[in-house]
Amino acid sequence: MQAVSNDNYNSISNSVVKYEDFQRVVKNQNIDASRRIRMILVEGKLQSWGRAATVIKILDNDLNKDDYPECTLEDVIEAVRNCTGDKAAALVYLSEECMTCYSKFPKSKIRSLGTCTCKLCIGCMKSYFLIAIREKFVREWSCPICNLPDLDDEKKSDGYLPFLTLLLPTLLEPDIIELFLERLKDWHLQRDPKFRWCEQCGNGFLWEAGERNLAMTCPHCKKKTCFKCKKQWDAHHDGLTCEEYDQWRIDNDPDNQAHGLARHLEANGIDCPKCKRRYDKTKGGCIHFSCPECRHEFCSGCFNQFYHNNKHSVHCKQNGLHCHHPRDCFYYLRDNNIDQLKRLLVDQNVTFNEIEPEHQEDKKHCPVMEQKDLGQKEEACNKDVEVGCAGLCSNHYKEYLVGLINKHKVDPASILTNAELKICLTRHDVPTKHTDRPTLLETLSPWHVEADVRLPK
Ligand SMILES: [Zn+2]
Ligand SMILES: [Zn+2]
Ligand SMILES: [Zn+2]
Ligand SMILES: [Zn+2]
Ligand SMILES: [Zn+2]
Ligand SMILES: [Zn+2]
Ligand SMILES: [Zn+2]
Ligand SMILES: [Zn+2]
């Protein structure tokens, strides 16, 4: 049995008997049982003779067994009190298994995280959060056993993180708690819709004016960044919307003149929807993006979250790493041919570039700079330029067209095949066979999809 500090000895306050004497007498099987029971009854403040007798029975018969290595006399008294004297229940209470180290502990030394029923001993809980707070991203601070809750889900993190702020100060040293609170503060700050990073010095801040004044001045370096398109502010943006400014750059910027749409694609990089960090990256082949700033995993086409197995709703039938892309995500649209994509834009009167820039150095090869992974050296795409693709390869030109399709919220339902329309409906649990529309199983109308499965705003 472990030594117990007097701090843990509150249950036996106002005692006239010395603590050591109490321990010694109660545990000594050679001393008359009724004397031991009376002592427990008085000192342990148990409500009946029977309960005090149960404590003695557990001490004499059970505590020496392997199942209760961490139990103190106080634990036994507490267990009996909580289980109103039921010995079997008290023994269960005294031998909860930690799901990390598989040792058994009294319930008082086991903790859970509020949102799941996983049980960890205080020691395992401490060492897990010590490492998590120092080395992991806040979104990875979920339960080490079941990985729940999904902290990218704001509703769930709003329930879980305040729970941690109550639990952890009872387990960890103040300097770690300070770091914990600091990191939590940054996490919340980055989730504020008014939070932005300065494009020039990397400082993060809240821009209270929001969209009312797009030209944000960084409080640190005093330089300006656009609140919406996140480009360094230049005077040509004054009085223009981001889309107009974008088009101005395509048409007039000397840099764009030489590099055409390649610069446009690079400059309209990827924005992390969670921490708002901006990456000058084209979408390239892989649209699964993992943010180096906050580790949020999302689709760079539709900005929806990527899920791992068992990470979200029970209704989802997909396994493994996946994302719920809407039908206008680049993930689907890149499978269409260029003429189909152009048709969508023409139908909506959206103009687009087709002619290669006059001054493009190498007219035969796609100049878009690509970075396979962050941190790696950039290289030009170099694939063959296709006719009518504004000096780009077909992949990068599709990326440009889909960018316009998304920007102008064009619904691609009209170019989907019947099979694709059907997938759209079933994916959203909309019946493909309506009794009032009996022919739908054979031929689905794009209008049906447009009306029943609305594109996200
Ligand atoms: Zn443990
Ligand atoms: Zn859990
Ligand atoms: Zn700055
Ligand atoms: Zn802008
Ligand atoms: Zn991020
Ligand atoms: Zn997507
Ligand atoms: Zn899913
Ligand atoms: Zn290319």
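Every value quoted in this text rests on a predicted model; they were computed, and no experiment measured them.

Draft legend 1. Highlighting the overall build of the protein chain. The helix and strand inventory of the protein chain stands at 16 helices and 16 strands. By the burial criterion, 29% of the 457 residues in the protein chain qualify as buried. At a minimum sequence separation of 6, the contacts of the protein chain that also span at least 24 residues come to 48%.

Draft legend 2. Inspection of the environment of arginine 191 at higher detail. Position of arginine 191 among the secondary structure elements: in helix H8 (residues 174–191). A tally of 15 C-beta atoms within 10 Å means that arginine 191 is categorised as partly exposed. Residues arginine 191 and lysine 274, 83 residues apart in the sequence, show an inter-C-alpha distance of 5.9 Å.

Draft legend 3. Local environment of helix H4 (residues 73–82). Across the 10 residues that make up H4, a large majority, seven, are buried. For H4, the full list of buried residues reads Leu73, Asp75, Val76, Ile77, Glu78, Ala79 and Val80. For H4, the elements touching its buried residues are helix H1 (19–27), helix H2 (33–43), helix H3 (49–61) and helix H5 (87–94). Threonine 84 sits one or two residues past H4 and shows a positive phi near 40°.

Draft legend 4. Structural detail: the confidence of the model for the protein chain. Put simply, the protein chain has an average pLDDT of 86, and 89% of its residues get 70 or more. Across the protein chain, the secondary-structure element scoring lowest on mean pLDDT is helix H10 (residues 254–259), at 65, and the one scoring highest is helix H6 (residues 122–135), at 97.

Draft legend 5. Broad picture of H6. For H6, spanning 14 residues, the distance from its first C-alpha to its last is 20 Å, which sits close to the expected 20 Å at 1.5 Å a residue. Inspection of H6 places Cys124, Met125, Phe129 and Ile133 among the buried residues, and these make up the whole buried set. The buried residues of H6 all sit within an arc of 145° when viewed along its axis, so they share a single face. Counted as exposed and oriented over 90 degrees from the buried face of H6: Ile131, Arg134 and Glu135.

Draft legend 6. Just unusual backbone geometry, in detail. Here the residue pair leucine 148 and proline 149 is connected by a cis peptide bond, since its omega of -10° sits within 30 degrees of zero. Here proline 149 lies in the loop between H6 and helix H7 (154–167). In the Ramachandran plot, tyrosine 102 falls in the positive-phi region, its phi being about 60° despite a non-glycine side chain. Relative to the helices and strands, tyrosine 102 is located in the loop between strand E1 (96–97) and strand E2 (104–105). With 9 C-beta atoms counted inside 10 Å, the residue tyrosine 102 sits in the exposed group. Positioned with a positive phi, asparagine 382 is a non-glycine residue whose angle comes to about 70°. With respect to the helices and strands, the residue asparagine 382 is situated in the loop between strand E16 (379–380) and helix H14 (394–407). With 14 C-beta atoms counted inside 10 Å, the residue asparagine 382 sits in the partly exposed group.

Draft legend 7. Looking closely at the environment of methionine 125. Inspection of the secondary structure puts methionine 125 in helix H6. Sequence separation between methionine 125 and leucine 171 is 46 residues; the distance between their C-alpha atoms is 8.1 Å. Among residues more than four places away in sequence, those in contact with methionine 125 are Arg111, Leu120 and Leu171.

Draft legend 8. Spotlight on the nonpolar core. Membership of the largest hydrophobic core comes to 31 residues, with the highest contact counts inside it found for Leu261, Leu392 and Ile405. Ranked by residue count, the leading element in this core is H14, at five residues. The residues touching leucine 392, leaving out its near neighbours within four places in the chain, are Leu261, Ala262, Cys366, Val368, Val385, Tyr397 and Tyr400. One finds Ala52, Ile56, Leu91 and Leu94 within the second-largest nonpolar core, a separate group that totals 21 residues.

Draft legend 9. Examining the environment of lysine 107 more closely. Its place among the elements puts lysine 107 in the loop between E2 and strand E3 (110–111). Judged by the 16 C-beta atoms lying within 10 Å of it, lysine 107 falls in the partly exposed class. C-alpha of lysine 107 to C-alpha of aspartate 75: the two residues are 32 residues apart in sequence and 8.5 Å apart in space. Among all residues touching lysine 107, those that are not within four sequence positions of it are Tyr93 and Glu96.

How each quantity is defined
Residues numbered from 1 in each chain as written. Chains lettered and ligands numbered in written order. Predicted model: local features only at pLDDT ≥ 70, side-chain atom pairs only at ≥ 80, totals over all residues. Helix = DSSP H or I, 4+ residues; strand = E, 2+ residues; numbered from the N terminus. Buried ≥ 20, exposed ≤ 12 C-beta atoms within 10 Å, placed from the backbone. Contact = placed C-beta atoms within 7 Å. pLDDT = per-residue confidence, 0-100. Expected span 1.5 Å × (residues − 1). Arc of directions from axis to C-beta. Core = buried A, V, L, I, M, F, W, Y, C linked by C-beta atoms within 7 Å.

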